[in-house]
Amino acid sequence: MKTRMNELVELLNQYADAYYHMDAPQVSDATYDKLYRELVTLETAHPEWVLANSPTHRVGGKILDGFEKYRHEYPLFSLQDAFSRQELEAFDQRVRKEFPKASYICELKIDGLSISLTYQAGTLVVGATRGDGNIGENITENLKRVSDIPLTLPVPVDITVRGECYMPKASFERVNTLRQEAGEAEFANPRNAAAGTLRQLDTGVVAKRGLASFLYQEASPTEANTQSAVLEKLDNLGFVTNHDYHLADSIDDVWSFIERMAERRDSLPYEIDGIVIKVNDLAVQEEMGFTVKAPRWAIAYKFPAEEKEAQILSVDWTVGRTGVVTPTANLTPVQLAGTTVSRATLHNVDYIAEKDIRIGDTVIVYKAGDIIPAVLSVVEKKRTTQEAMSIPELCPSCGSHLQHYEDEVALRCINPLCPSQLMNRLEHFASRDAMNIAGLGGSIVEKLFSADLVHDVADIYKLTPTAIQTLEGFKEKSAEKLYQAIQASKENSAERLLFGLGIRHVGSKASKILMEAFKDLESLAVADQEAIASLEGLGQVIAKSLTSYFASRGTKTLLAELKEAGVNLTYLGQVARDDAALSGLTVVLTGKLERMKRSEAKAKLESLGANVAGSVSKKTDLVVVGADAGSKLTKAQELGIEIKDEAWLENL
Ligand code: AMP
Ligand code: ZN
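Just so it is clear, the model here is predicted, and its values are computed rather than measured. (Residues numbered from 1 in each chain as written. Chains lettered and ligands numbered in written order. Predicted model: local features only at pLDDT ≥ 70, side-chain atom pairs only at ≥ 80, totals over all residues. Heavy atoms only, no water.)

A.B. asks: Lay out the layout of surface pockets in plain terms, naming residues and giving numbers.
C.D. replies: To find leftover empty space, a probe the size of one water molecule is rolled over the atoms. For the second largest pocket, the calculated volume is near 960 Å³. Considering the residues around the second largest pocket, the lining is formed by 31 residues, among which Pro416, Gln421, Arg425, Gly502 and Tyr549 are closest to the centre. Every element with two or more residues in the lining of the second largest pocket is listed here: strand 18 (411–413), helix 12 (419–430), helix 21 (540–551) and helix 22 (553–564). No other element matches the 5 residues that helix 12 contributes to the lining of the second largest pocket. Residue composition of the lining of the second largest pocket, by class: 13 nonpolar, 12 polar and 6 charged. (1 Å grid on protein atoms, 1.4 Å probe; cavity = no way out; pocket = protein on both sides within 12 Å on 5 of 7 lines; lining within 4 Å. Points joined across faces, edges and corners; volume = space filled by probe spheres on them. Helix = DSSP H or I, 4+ residues; strand = E, 2+ residues; numbered from the N terminus. Nonpolar A, V, L, I, M, F, W, Y, C, P; charged D, E, K, R; others polar.)

A.B. asks: So what's going on with the site of ligand 1? Which residues, and what values?
C.D. replies: Around ligand 1, a shell composed of 14 residues is seen, among which Glu107, Ser114, Arg130, Glu164 and Lys278 lie nearest. The separation between an oxygen atom of ligand 1 and a polar side-chain atom of arginine 130 is 2.8 Å. Here an oxygen atom of ligand 1 sits 3.1 Å away from a polar atom, N or O, in the side chain of lysine 302. In isolation ligand 1 offers 500 Å² of accessible surface; the protein chains occlude 86% of this area. Contributing elements (two or more residues each) for the shell around ligand 1: strand 3 (104–110) and strand 10 (272–279). (Near = heavy atom within 4 Å. Polar contact = N/O pair within 3.5 Å; in protein donor to acceptor, adjacent residues only side chain to side chain. Areas by Shrake-Rupley, 256 points an atom, 1.4 Å probe, with all protein chains shown as cover.)

A.B. asks: So, the packing of helix 3 (residues 85–98) against helix 9 (residues 251–264): which residues are in play, and what are the values?
C.D. replies: The interhelical angle for the contact between helix 3 and helix 9, taken along N-to-C directions, is 145°, at an axis separation of 10 Å. Crossing geometry of helix 3 relative to helix 9 is assigned as right-handed. Here helix 3 contributes Arg85, Leu88, Glu89 and Asp92 to the contact with helix 9, which in turn contributes Ile251, Asp252, Val254, Trp255 and Ile258. Residues belonging to the contact of helix 3 with helix 9 are distributed by class as follows: 5 nonpolar, no polar and 4 charged. (Axes fitted to C-alpha atoms, helices over the stretch in contact; angles between N-to-C directions. Left-handed = near helix turned anticlockwise from the far one by under 90°. Contact = heavy atoms within 4.5 Å.)

A.B. asks: Break down the coordination of the zinc ion (ligand 2) for me, with residues and values.
C.D. replies: Those donors, Cys395 (SG), Cys398 (SG), Cys413 (SG) and Cys418 (SG), are the protein atoms that reach the zinc ion (ligand 2), and they lie 2.2 to 2.4 Å from it. Relative to the metal, the 4 donor atoms surrounding the zinc ion (ligand 2) lie at angles of 102 to 116°, and the coordination shape comes out tetrahedral. Spacing between the donor residues of the zinc ion (ligand 2) along their common chain follows C-x2-C-x14-C-x4-C. As far as burial versus exposure is concerned, cysteine 413 and cysteine 418 are alike and both buried. (Donors = N, O, S within 2.8 Å, 3.2 Å for Na, K, Ca; no water. Tetrahedral: all angles 85-135°; square planar, octahedral: opposite > 155°, others 65-115°. Buried < 20%, exposed > 50% of the residue type's maximum accessible area, 1.4 Å probe, protein only.)

A.B. asks: Mind laying out unusual backbone geometry, listing which residues take part and the relevant values?
C.D. replies: Phi at alanine 121 takes a positive value of approximately 45°, unusual for a residue other than glycine. Along the polypeptide, alanine 121 turns up in the loop between strand 4 (113–120) and strand 5 (123–129). One non-glycine residue, histidine 347, lies in the positive phi region at around 65°. Position of histidine 347 among the secondary structure elements: in the loop between strand 14 (339–345) and helix 11 (349–355). Taking relative accessible area as the criterion, histidine 347 reaches 12% and is therefore assigned buried.

A.B. asks: Could you give an account of the packing of aromatic side chains, naming the residues involved and the relevant values?
C.D. replies: Here the structure, examined in full by the defined rule, presents 13 aromatic pairs. With a centroid separation of 5.4 Å and 80° between ring planes, the pair formed by tryptophan 255 and tyrosine 301 is classed as edge-to-face. Remark: tyrosine 301 occurs in strand 11 (residues 298–302) and tryptophan 255 occurs in helix 9; sequence separation between them is 46 residues. Members of the aromatic cluster, joined through ring pairs, are Phe77, Phe290 and Trp297. (Phe/Tyr/Trp six-rings, centres within 6.5 Å; stacked < 30°, edge-to-face > 60°.)

A.B. asks: Go over the UniProt feature "binding site: Zn(2+)" (unreviewed entry) in the chain, please, and point to the residues and values.
C.D. replies: Under the feature "binding site: Zn(2+)" (unreviewed entry), the UniProt entry names Cys395, Cys398, Cys413 and Cys418. Look at the named residues: they lie 24 residues apart in sequence, but the longest C-alpha span between them is just 8.6 Å, so in the fold they bunch up. Set against the second largest pocket, the annotated residues that line it come down to Cys413. Of note, cysteine 395 is situated in the loop between strand 16 (374–378) and strand 17 (402–403). For cysteine 395, a relative accessible area of 4% gives the class buried. Not counting residues up to four positions away in its chain, the partners in contact with cysteine 395 are Val319, Ser400, Leu402, Cys413 and Cys418. Mapped onto the elements of the fold, cysteine 398 is located in the loop between strand 16 and strand 17. (UniProt positions renumbered as here; feature names shortened; annotations may be inferred.)

A.B. asks: Provide a residue-level description of the environment of glutamate 286, including the pertinent values.
C.D. replies: Looking at the secondary structure, you find glutamate 286 in helix 10 (residues 282–288). Once the C-alpha coordinates of glutamate 286 and tryptophan 255 are considered, the two residues, 31 residues apart in sequence, prove to be 25 Å apart.

A.B. asks: Quick rundown of the environment of leucine 211? Include the residues and the values.
C.D. replies: Positionally, leucine 211 belongs in the loop between helix 7 (203–208) and strand 8 (212–218). Residue classification places leucine 211 among the buried positions, given a relative accessible area of 5%.

A.B. asks: Give a description of the sheet that holds strand 9 (residues 246–248) that names residues and reports values.
C.D. replies: Strand order across the open sheet formed by 5 strands is 2-11-10-3-9, with mixed pairing between neighbours. One side of each edge strand has no neighbouring strand; the edge strands of this open sheet are strand 2 (81–82) and strand 9. In terms of strand pairing, strand 10 meets strand 11 through 5 bridges, oriented antiparallel. Residue pairing in the sheet places valine 276 in a bridge with alanine 300 of strand 11. (Pairing = 2+ DSSP bridges.)

A.B. asks: Please give an account of the UniProt feature "active site" (unreviewed entry) in the chain that cites residues and values.
C.D. replies: Within this numbering scheme, the UniProt entry marks Lys109 as carrying the feature "active site" (unreviewed entry). Here lysine 109 is to be found in strand 3. Ignoring anything within four residues of it in the chain, the contact list for lysine 109 reads Leu79, Glu271, Ile272, Asp273, Gly274, Ile275, Val276, Ala300 and Lys302.

A.B. asks: Lay out helix 22 with the relevant residues and their values.
C.D. replies: The end-to-end C-alpha distance of helix 22 is 17 Å, a good match for the 16 Å that 12 residues give at a rise of 1.5 Å each. Turning to helix 22, its buried residues are Thr555, Leu558, Leu559 and Leu562. Seen along its axis, helix 22 keeps its buried residues to an arc of 95°; they face one direction. Those residues of helix 22 that are exposed and aimed more than 90 degrees away from the buried face are Arg553, Lys556 and Glu564. Buried residues along helix 22 sit in contact with helix 14 (457–460), helix 17 (494–500), helix 19 (521–526) and helix 21. Positive phi shows up at glycine 566, right after helix 22, with a value of about 90°. (Expected span 1.5 Å × (residues − 1). Arc of directions from axis to C-beta.)

Structure follows, in structure tokens:
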């Protein structure tokens, strides 16, 4: 059994490595989950055999009491700033006065938080924040939940490494959407989100937030003679290093790299706020030494802020699926980070009040990553007398009185029959991670709703092809297709249904854990709160939300109707999904394929369960790229979508 445990740890780590470092998953998520669960079972039976590098250390929650101070053996430093080419030239002259032949390495300045990781005999023993450079906080338990930070190294070395822990743009968007739905204040940018996450006392939360890391420094370098060799060494030790660095002999060369990266900046899947220029030769670094707070051999060029002024013309208030009312400003159009922006979020009513934002105001608009632009602040001196913004008292969709709960930053419509909420809920029900009903998107839902054909999710299953055909834009064939997609969704494993019901706090991951434990929805519906709360990865908040949801009479009727319609209420496990490797994924093909015809590629993808789409959007999961790919590839990169090549497709 002990050997099996070792074997599982090794396999799972290898798969995770392929997934995170090489961007080339070797097995499906389902297979990974299966092996993972086997390991958990064995570890529960034999806690004395749990290995230091077991992937199970990464998940599951511990509640910490607080963070202890940690004194760094080697201090962490900050960097001198440069905001112009002139300042870089001045830096270059200072360097060249002493070292005329110096050359530079330019690295991306990742916008996250400095971290320091200490390994003893190849095992991670301490992870800490920078703090004031000498004394930081010990956040080891949290850093262990950052999935790309190695828990053990391939060789038993003692080493301290430094780098940046950050939140990828995609994680940031996901986290903020969830917060918005829960009526919580959104994070202003990925950096704040990463900082807030690393200071969490509940390590389970950290595991869910999807942080990542780039390491770039060895606290006390041995072996390597240059910074580029340090990066290579860190790479070989299994750390994630950033490969977008550039070696430069002159400031001209440095500057052209800066210009190139400034252009690519928006399409990176993470935020950067500048470029760090370091003397590459470590011996030269050592000779140049430090000022009071920063090395003399490095400088950080900071990009100009992506902020612009615009005027607020009007504000729209919209009601989401959970009843949260979100204000969006309509603006005079401005160019921001390469796109024209004419709408920006105002987050919530508390934000508007706090910043005293008024219609007609000139405001600072900014973009943090790929997310929707937001209003940062008001330019007070440009204000011409305006009244404070009027806050709606009634729901813009159903007209019922809005609530502003004390512990929430948002306004909420609490009318369960509010049309806007109902439509958003229907759309969520049909969405990809939920029931995955192809063709049942927002605009079709709206048509069905307006035509009085569908009010709640059970009504979806009462639709007939003839009824669908009465909608504008449908013909016999398209109606039949939607009807078939609806029928097919009845066979889904029940965690999709559970997630699709849109119960507060119950996301797709929690749904899966719940269905694995309770097997069918009817057992879950009568489960007691404690039994739910005690499940690994869940807690009282989710448990309470579920029990009150299932206690309502409306829910009971709904479940009865779904059952009556033949919708599957039981958990089918991995079996059904494992057999199609790309099941439910939306894939886009672009560029010229060398060995396969486009139609063959399409057929192969479809036979593996993928939906092949013609254009790239937020809903795309994968893009398969051939030669001379154009705008679709650019778009995919901008959206941070996973990119694959022809060889990958062939090997599937
Ligand atoms: P500042 O906080 O503006 O003084 O900038 C210094 C910080 O930049 C360091 O503490 C690091 O956290 C961060 N940083 C991000 N990327 C790099 C990098 N490639 N090299 C050095 N520092 C970096
Ligand atoms: Zn309403």
